[in-house]
Amino acid sequence: MNYKAYLVESGKRMLHKGLTVETWGNLSVQDPETGLVYLTPSAMPYDSISEDDVVVMREDGTLVEGTRKPTVECGMHLGILRSRPGIHAVIHTHPIYSLVFAVQHRDIPPIIDEAAQIFGGTVHTAEYALPGSAELAENVQKALGPNGMACLLANHGAVCLGKDMEQAFRVCTVLEMTAQVYQMALTTGTPQQISQQNVDYMKDFMEHHYGQGK
Ligand SMILES: [Zn+2]
């Protein structure tokens, strides 16, 4: 697979799905075979990024290829990829409805079946730290926990993980949809949570039985 082309396309997809604005947000994808990580460059418009702008690094931060400065959240991406062996894609977004809760430092509970299936529980908000700081990378890891697929970043955005880029995008889509429903439900009434027993059942079903041929 051409991971550089895949990353360039994924940046455009993030922008045009409305998951961020302008040059904010960033993405990484890892080749599970070589372990190499492909990162978006810092502060470049997604529609203008070409394969030559992609920065290639090892998990430990060693530069392998690229002339651009990598995303300022490079440390956060690499930290997640190092600590989660099954995870090979990280998307950091600035989506509106998720931000409604991130600015209030509030978590998002599993109020719809999709959220239960994807997150298996509450999506937590990482404590505030400056963008690009080692402290933010640490706070994100804490909010994700050992198995989390997404978290919010206080006053900033969201981080979504996947075993590949497709799954990471699914996580982003479900997070933003859940946040939108939660916001609308809170303004019109009282959202009811799904029992943990049913959440656990759906998460397990999604991981082991859902899909063709499982
Ligand atoms: Zn950001």
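Residues numbered from 1 in each chain as written. Predicted model: local features only at pLDDT ≥ 70, side-chain atom pairs only at ≥ 80, totals over all residues. Heavy atoms only, no water.

A. Spotlight on the side chain of D53. Positionally, D53 belongs in the loop between strand 2 (37–39) and strand 3 (55–57). At a separation of 2.8 Å, a polar atom in the side chain of D53 contacts the main-chain amide nitrogen of S50. At a separation of 2.8 Å, a polar atom in the side chain of D53 contacts the side chain of R68. Every residue in contact with D53, bar those within four places of it in the chain, is listed here: P41, M44, S48 and R68. (Helix = DSSP H or I, 4+ residues; strand = E, 2+ residues; numbered from the N terminus. Polar contact = N/O pair within 3.5 Å; in protein donor to acceptor, adjacent residues only side chain to side chain. Contact = heavy atoms within 4.5 Å.)

B. Looking closely at the environment of V54. For V54, the location among the structural elements is in the loop between strand 2 and strand 3. A residue is classified by how much of its surface remains accessible, and V54, at 2% relative accessible area, is buried. When the C-alpha positions of V54 and G162 are compared, they lie 20 Å apart, and in sequence the two are 108 residues distant. Excluding residues within four positions of it along the chain, V54 makes contact with K4, L7, V8, Y38, L39, E65 and G66. (Buried < 20%, exposed > 50% of the residue type's maximum accessible area, 1.4 Å probe, protein only.)

C. Representation of the coordination of the zinc ion. Coordination of the zinc ion by the protein comes from H92 (NE2), H94 (NE2) and H156 (NE2), over a distance range of 2.0 to 2.1 Å. For the zinc ion, the single-chain donor residues occur in sequence as H-x1-H-x61-H. You can see H94 sitting in the loop between strand 5 (89–93) and helix 3 (96–102) and its partner H156 sitting in the loop between strand 7 (150–153) and strand 8 (157–162), a full 62 residues away along the chain. Relative accessible area serves as the criterion here: at 15%, H94 is assigned to the buried category. Overall, H156 belongs to the buried group, its relative accessible area being 11%. (Donors = N, O, S within 2.8 Å, 3.2 Å for Na, K, Ca; no water.)

D. Just helix 7 (residues 196–208), in detail. With 13 residues, helix 7 extends 18 Å between its outermost C-alpha atoms, agreeing within 8% with the 18 Å of an ideal straight helix rising 1.5 Å per residue. All of the buried residues along helix 7 are V199, M202, K203 and M206. One face of helix 7 carries all of its buried residues, which in axial projection span an arc of 100 degrees. Every exposed residue of helix 7 that faces more than 90 degrees away from the buried side is listed here: Q197 and Y201. In this fold, the buried residues of helix 7 make contact with helix 4 (113–119). (Expected span 1.5 Å × (residues − 1). Arc of directions from axis to C-beta.)

E. Molecular detail of unusual backbone geometry. Phi angles above zero are rare outside glycine, and A43 is one such case at about 55 degrees. Positionally, A43 belongs in the loop between strand 2 and strand 3. The class of A43 is exposed, set by a relative accessible area of 60%. With a phi close to 55 degrees, H105 is a non-glycine residue in the positive phi region.

F. Geometry of the pairing of strand 8. The buried fraction of strand 8 amounts to six of the six residues, a majority that puts the element mostly inside the structure. Summarising the sheet, strand 5 and strand 8 pair through five bridges and their orientation is antiparallel. If you follow I91 over to strand 8, its bridge partner there is C160. From the end of strand 7 to the start of strand 8, which pair antiparallel, there are three residues, and N155 there has a positive phi angle of about 60 degrees. (Pairing = 2+ DSSP bridges.)

G. Quick look at the environment of G121. Examined against the element boundaries, G121 turns out to sit in the loop between helix 4 and strand 6 (125–126). The class for G121 is buried, based on a relative accessible area of 11%. In this structure, the C-alpha to C-alpha distance between G121 and D200, residues 79 residues apart in sequence, is 8.1 Å. Residues in contact with G121, not counting those within four places in the same chain, are P110 and V199.

H. The arrangement of the environment of E176 in detail. In this structure, E176 sits in helix 6 (residues 165–188). The class of E176 is buried, set by a relative accessible area of 13%. When the C-alpha positions of E176 and D53 are compared, they lie 28 Å apart, and in sequence the two are 123 residues distant.

The values are spatial; any link to function lies outside them.
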